[in-house]
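# A closer look at the structure
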Amino acid sequence: MDLKLAGKVAIVTGGGQGMGKAYCLGFAEEGAYVVVADINAETAQQTAAEIRAKGGKSLPIKVDISKWGDVSNMFNKALSEFGHIDILVNNAGVRGMAKIEDFPEELLERDINVNLKGAFYCTKAVARHMKERRYGKIIYQSSSTAVRGHEAGGSAYAAAKAGMLGLMRSMAKELGSFNINVNAVVPSVFNTPLIANLPEERKEINRKQSVFGRLGEPEDMVGIVLLLASDRASYITGQSILVDGGQRPT
Ligand SMILES: NC(=O)c1ccc[n+]([C@@H]2O[C@H](COP(=O)([O-])OP(=O)(O)OC[C@H]3O[C@@H](n4cnc5c(N)ncnc54)[C@H](O)[C@@H]3O)[C@@H](O)[C@H]2O)c1
């Protein structure tokens, strides 16, 4: 099936590595132009270079999504390069871990500011433009911890990711009449640098929880994100799609 993404312009936050990088490469493969937005300028450039090496169009931008000035600048740069923005994937995220009684203030602020406020800012930056064009696709990358909780100290992360779902549903309602689709993807445990420090026993539990007996790989997420970013999913909005390998309790 042709998703008809050729010539569409997608901003992917956190596009330097992990799932964000997989989305950038996936969009480029479909002929979309990709804004690789990441706080890490080096990895953003690497992803963008990979896209260009395959004949695609991309623009790396260094951005800290928790800062409005950075986000606004990202939007302006993307617009002046490509002329319009069709798709926003709010993928960038961070996860701090600490017991609730010891949770450091800075970690709490960082997790809320990047995961929730960052997604809010990026949505705010594209909203006027998408409304004027009466076209847009916004996708939030939440987490299964938003609905199931986090057992090992990721409480601020889980709370921020749950907040993203409230933001997503509100945006679906607020922006729907402007022909803007807003959805969330809700992954379980995926094999990316984010979980590099997860103890092996924990990963083994997660592998067993999936009916496939393995963790998710970034490529497992690409299909659903590209579909939601396309007009093939034009009557889907306000939804959160759980991608968890059929997770069941062990
Ligand atoms: N890996 C998992 O198991 C898992 C599960 C559920 C949800 N998620 C979510 O999926 C998304 C992608 O995760 P991943 O596993 O690929 O993580 P990752 O750590 O591999 O990649 C995250 C990217 O976001 C960037 N980033 C971090 N803070 C930023 C900021 N302030 N501004 C801009 N960019 C910033 C990082 O530089 C990095 O490139 C995250 O939102 C994460 O919370 C991951």
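Whatever comes next refers back to the structure up there.
Here we summarise the structure given alongside this text. In this text, all values refer to a predicted model and were calculated from it rather than measured experimentally.

### Regarding the layout of surface pockets
Estimates place the volume of the largest pocket at around 1,100 Å³. Counting residues per element, the ones that place at least two in the lining of the largest pocket are α1 (18-29), β2 (33-38), α4 (105-133), α5 (145-148), α6 (155-175) and α7 (200-209). Class assignment for the residues of the lining of the largest pocket results in 18 nonpolar, 24 polar and eight charged. In this model, the second largest pocket occupies a volume close to 160 Å³. Taken together, 14 residues line the second largest pocket, and the ones lying closest to its centre are Arg-214, Leu-215, Gly-216, Asp-244 and Gly-245. Its residues placed into classes, the lining of the second largest pocket shows five nonpolar, six polar and three charged.

### Quick word on the packing of aromatic side chains
The final tally for this structure, using the stated rule, is two aromatic pairs. With a centroid separation of 5.7 Å and an interplanar angle of 25 degrees, the aromatic rings of Tyr-33 and Phe-82 are classed as stacked. Of this pair, Tyr-33 sits in strand β2 while Phe-82 sits in helix α3 (residues 68-82); the two residues are 49 residues apart in sequence, bridging distant segments of the chain. According to the relative accessible area criterion, Tyr-33 is partly exposed, its value standing at 25%. Between the aromatic rings of Trp-68 and Tyr-121, the centroid separation amounts to 5.6 Å while the plane-to-plane angle is 55 degrees, which identifies the pairing as tilted. With Trp-68 in helix α3 and Tyr-121 in helix α4, this pair connects stretches of sequence that are 53 residues apart. Relative accessible area serves as the criterion here: at 16%, Tyr-121 is assigned to the buried category.

### Brief notes about the packing of α4 against α6
Their axes nearest at 8 Å, the elements α4 and α6 cross at an angle of 15 degrees. By the angle class used here, α4 and α6 are roughly parallel. The two elements α4 and α6 meet at a crossing, and its hand is right-handed. Contacts between α4 and α6 pair Leu-108, Asp-111, Ile-112, Asn-115, Leu-116, Ala-119, Phe-120, Thr-123 and Lys-131 from the former with Ala-156, Tyr-157, Ala-160, Lys-161, Gly-163, Met-164, Leu-167, Met-171 and Leu-175 from the latter. Along the lines of polarity and charge, the residues of the contact of α4 with α6 split into 12 nonpolar, three polar and three charged.

### Quick word on helix α2 (residues 41-53)
An α-helix turns once per 3.6 residues; consequently, residues spaced three or four apart project the same way. The terminal C-alpha atoms of α2 lie 18 Å apart, and with 13 residues this matches the ideal 18 Å at 1.5 Å per residue to within 8%. If you check which residues of α2 are buried, you get Thr-43, Ala-44, Thr-47, Ala-48 and Ile-51. Relative to the axis of α2, the buried residues are bounded by an arc of 135 degrees and lie together on one face. Exposed and facing more than 90 degrees away from the buried side of α2 are Glu-42 and Ala-53. Its buried side turned inward, α2 meets α1, β2 and β3 (58-62). The N-terminus of α2 is capped by Asn-40, whose side-chain oxygen sits 3.1 Å from the backbone nitrogen of Glu-42. Just beyond α2, the residue with positive phi is Gly-55, at close to 90 degrees.

### Observations regarding the side chain of Asp-111
Relative to the helices and strands, Asp-111 is located in helix α4. Only 2.9 Å separates the side chain of Asp-111 from the backbone nitrogen of Gly-96, close enough to count as a polar contact.

About the thresholds
- Residues numbered from 1 in each chain as written.
- Predicted model: local features only at pLDDT ≥ 70, side-chain atom pairs only at ≥ 80, totals over all residues.
- Heavy atoms only, no water.
- 1 Å grid on protein atoms, 1.4 Å probe; cavity = no way out; pocket = protein on both sides within 12 Å on 5 of 7 lines; lining within 4 Å.
- Points joined across faces, edges and corners; volume = space filled by probe spheres on them.
- Helix = DSSP H or I, 4+ residues; strand = E, 2+ residues; numbered from the N terminus.
- Nonpolar A, V, L, I, M, F, W, Y, C, P; charged D, E, K, R; others polar.
- Phe/Tyr/Trp six-rings, centres within 6.5 Å; stacked < 30°, edge-to-face > 60°.
- Buried < 20%, exposed > 50% of the residue type's maximum accessible area, 1.4 Å probe, protein only.
- Axes fitted to C-alpha atoms, helices over the stretch in contact; angles between N-to-C directions.
- Parallel < 35°, antiparallel > 145°, perpendicular 65-115°, else oblique.
- Left-handed = near helix turned anticlockwise from the far one by under 90°.
- Contact = heavy atoms within 4.5 Å.
- Expected span 1.5 Å × (residues − 1).
- Arc of directions from axis to C-beta.
- Polar contact = N/O pair within 3.5 Å; in protein donor to acceptor, adjacent residues only side chain to side chain.

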